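Secondary and tertiary structure notes
The residues making up each chain are set out below.
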Amino acid sequence: MKRVLLLGGTGDALVVARRLGTSHVYSLAGLARVPTDLACEVRVGGFGGVAGLATYLREEDIALVLDATHPYAAQMSRHAREACTLVGVRLWAVRRPAWQPRTGDVWREARDWPGVVDAIAAYEKPLLTLGREPLAHLDEIPASQFWTIRCLDPHEGNARARIVDARGPFSIEGERALFDVARIDVVVSKNSGGRATEAKLAVARERGLPVVMLARPALPEADRAFDDPASALDALTTELPLP
Ligand code: NAP
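Residues numbered from 1 in each chain as written. Predicted model: local features only at pLDDT ≥ 70, side-chain atom pairs only at ≥ 80, totals over all residues. Heavy atoms only, no water.

**A few points about the site of the ligand**
What counts here: A single heavy atom is enough: if one lies within 4 Å of a molecule or strand, its residue is considered near that molecule or strand. Any pair of nitrogen or oxygen atoms within 3.5 Å is treated as a polar contact; in protein, a donor-acceptor pairing is required on top of that, and neighbouring residues in sequence qualify only through side-chain atoms on both sides. Where accessible areas are quoted, they stem from the Shrake-Rupley method and a 1.4 Å probe; at the residue level, only the protein chains shown are allowed to cover. Runs of E in the DSSP output that reach at least two residues are strands. Runs of H or I that reach at least four are helices, and both are numbered from the N terminus. Note that Gly is not counted as nonpolar here; it falls among the polar residues with everything else outside the nonpolar set of Ala, Val, Leu, Ile, Met, Phe, Trp, Tyr, Cys and Pro and the charged set of Asp, Glu, Lys and Arg.
Taken together, 23 residues lie near the ligand, and Gly8, Ser27, Phe47, Gln75 and Lys190 sit nearest. Separating an oxygen atom of the ligand from a backbone N or O atom of Gly49 is a distance of 3.2 Å. Residue His79 places a side-chain N or O atom 3.4 Å away from an oxygen atom belonging to the ligand. For the ligand, the protein covers 75% of the area, taking 810 Å² as the surface of the free molecule. Of all the secondary structure elements, the ones that give two or more residues to the shell around the ligand are strand S2 (25-28) and helix H3 (74-87). Per-element accounting of the shell around the ligand gives the leading share, four residues, to H3. Class assignment of the residues belonging to the shell around the ligand gives a composition of nine nonpolar, 12 polar and two charged.

Shown next as structure tokens:
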């Protein structure tokens, strides 16, 4: 029986995990919710770098790794590439296409956190949707700014920042309400792609607000890459019987 190791932590990965039978493994870093209703095995926590993952692949007799991690989880993707090459296991990947600017969008790219700080310097009420990274900079918020930070981590914030701990998908109506209440004048985002979190871009567009987009990290080549989980599942069903 060919065993699949699915590297997850995204909605796309969960779509695939829900179709995997008992002999396959769904792996999570352990930072967010762990599903308890899957037929496949669920393992939680890092492998211990490339060497640890290579050992895991050998010991667990894994025939195929499907990397469906987030496009900004570049370290896990690099480790998967290196470990698969070491052990001679095939690597497939779900690589969600990036969002592209549309007519009316005012996007500026930032390469890193200092680039983000620079790009929002002229604004007062940024909405930061970069995960937990802004939480490490709460003491550096300029007196001219009040940050709204949306991430999965509950946090009390401070006099210059409010933390909204919420998980997508987000609706247009919900985003409009957040922009109104927080009087958002600039949006900061990863270019995650997909539908779940794109409503903020539509609201920025309709209001003529700028978006600072954190550049995507470079990801390694997979042996096969898919734009979405449905295509990956189609390919998987030709390789192994899915229930
Ligand atoms: P990362 O920087 O690429 O990975 C850091 C380390 O976490 C990896 O070296 C690995 O530890 C462990 N790890 C990551 N994903 C794992 C998985 N699926 N199974 C087992 N171990 C995993 O990743 P990150 O950016 O911190 O993201 C962590 C997880 O959150 C990822 O699974 C990702 O899909 C999910 N996520 C990330 C983002 C984001 O914006 N970065 C957004 C949504 C979801 P070892 O070296 O010990 O193996």
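**A short note on the domain arrangement of the protein**
For the record, the criterion: Domain extents, as shown, originate in an automatic or database domain assignment. For this analysis, residues touch if any pair of their heavy atoms sits within 4.5 Å. Buried area is calculated as the accessible area (1.4 Å probe) missing from two parts once they are joined, with the contributions of both summed.
Segmenting the protein into domains produces domain 1 (3-97 + 218-236) and domain 2 (106-214). Here the C-alpha centre of domain 2 lies 29 Å away from the C-alpha centre of domain 1. Between domain 1 and domain 2, the contact holds eight residues from the first and nine residues from the second. Carbon and sulfur atoms supply 50% of the area that domain 1 and domain 2 bury against each other, a total of about 670 Å² over both sides. Considering only the surface of domain 1 that becomes buried against domain 2, Arg33, Tyr72 and Arg96 emerge as the three largest contributors, covering 62% of it. Counting the contacts that link domain 1 with domain 2 gives five residue pairs in polar contact (both at pLDDT 80 or more).

**Concerning the side chain of Glu175**
Structurally, Glu175 can be placed in helix H5 (residues 172-182). Side chain to side chain, Glu175 and Arg150 meet in a polar contact 2.8 Å long. Not counting residues up to four positions away in its chain, the partners in contact with Glu175 are Arg150, Phe170, Ala199, Lys200 and Val203.

**Considerations on the packing of aromatic side chains**
Counted only if it meets this: Pairing of aromatic rings covers Phe, Tyr and the six-membered ring of Trp, with a centre-to-centre limit of 6.5 Å; geometry is then stacked below 30 degrees between planes, edge-to-face above 60, and tilted otherwise. The buried label goes to any residue with under 20% of its type's maximum accessible area, the exposed label to any with over 50%, and the partly exposed label to all in between, with areas taken from a 1.4 Å probe on protein chains only. Two conditions define a charge located above a ring, namely a distance within 6 Å from the ring centre to NZ of Lys or CZ of Arg, and an angle within 35 degrees of the ring normal.
Summed over all chains, the structure comprises three aromatic pairs. With centroids separated by 5.9 Å and ring planes inclined at 70°, the aromatic side chains of Trp113 and Trp147 adopt a geometry described as edge-to-face. Highlighted residues: Trp113 in helix H4 (residues 113-119) and Trp147 in strand S8 (residues 147-151), separated in sequence by 34 residues. Taking relative accessible area as the criterion, Trp113 reaches 10% and is therefore assigned buried. Here the guanidinium or amino end of Arg224 rests over the ring plane of Trp92, the centre of that ring lying 5.0 Å away.

**What to know about helix H6 (residues 199-207)**
What H6 keeps buried is the set Ala199, Lys200, Leu201, Ala202, Val203 and Ala204. At its buried positions, H6 is contacted by strand S6 (106-110), strand S7 (126-129), S8, H5, strand S10 (186-190) and strand S11 (210-214). Directly after H6, the chain includes Gly208, whose backbone phi takes a positive value near 70°.

**Considering the packing of H5 against H6**
Condition: Every axis corresponds to a line fitted to the C-alpha atoms, with the helix fit spanning only the stretch in contact, and the corresponding angles, defined between N-to-C directions, vary from 0 to 180 degrees. With respect to orientation, any angle under 35 degrees is reported as roughly parallel, any angle over 145 as roughly antiparallel, any angle of 65 to 115 as roughly perpendicular, and every other angle as oblique. Should the near helix be turned anticlockwise from the far one by less than a right angle, the crossing is termed left-handed; should it be turned clockwise, right-handed.
Where H5 meets H6, the axes come as close as 9 Å, and the angle between the chain directions of the two elements is 60°. In terms of orientation, H5 lies oblique with respect to H6. Along this stretch, H5 crosses H6, giving a crossing that reads as right-handed. Contacts between H5 and H6 involve Ile172, Glu175, Arg176, Phe179 and Asp180 on the former and, on the latter, Ala199, Lys200, Ala202, Val203, Ala204, Glu206 and Arg207. Classifying every residue of the contact of H5 with H6 by side-chain character gives six nonpolar, no polar and six charged.

**Let's talk about the layout of surface pockets**
This is how the line gets drawn: Whether a set of points on the 1 Å grid over the protein atoms alone is a cavity depends on a 1.4 Å probe fitting there but being unable to get out, while an open set qualifies as a pocket with protein on both sides within 12 Å along at least five of seven lines; lining residues are those with an atom within 4 Å of a point. Grid points are joined across faces, edges and corners, and a volume is the space filled by probe spheres set on the points.
Computed from the structure, the second largest pocket encloses a volume of approximately 190 Å³. Lining the second largest pocket are 13 residues, and of these Pro71, Arg95, Arg96, Arg216 and Leu219 sit closest to its centre. A class-by-class count of the residues in the lining of the second largest pocket yields five nonpolar, four polar and four charged.

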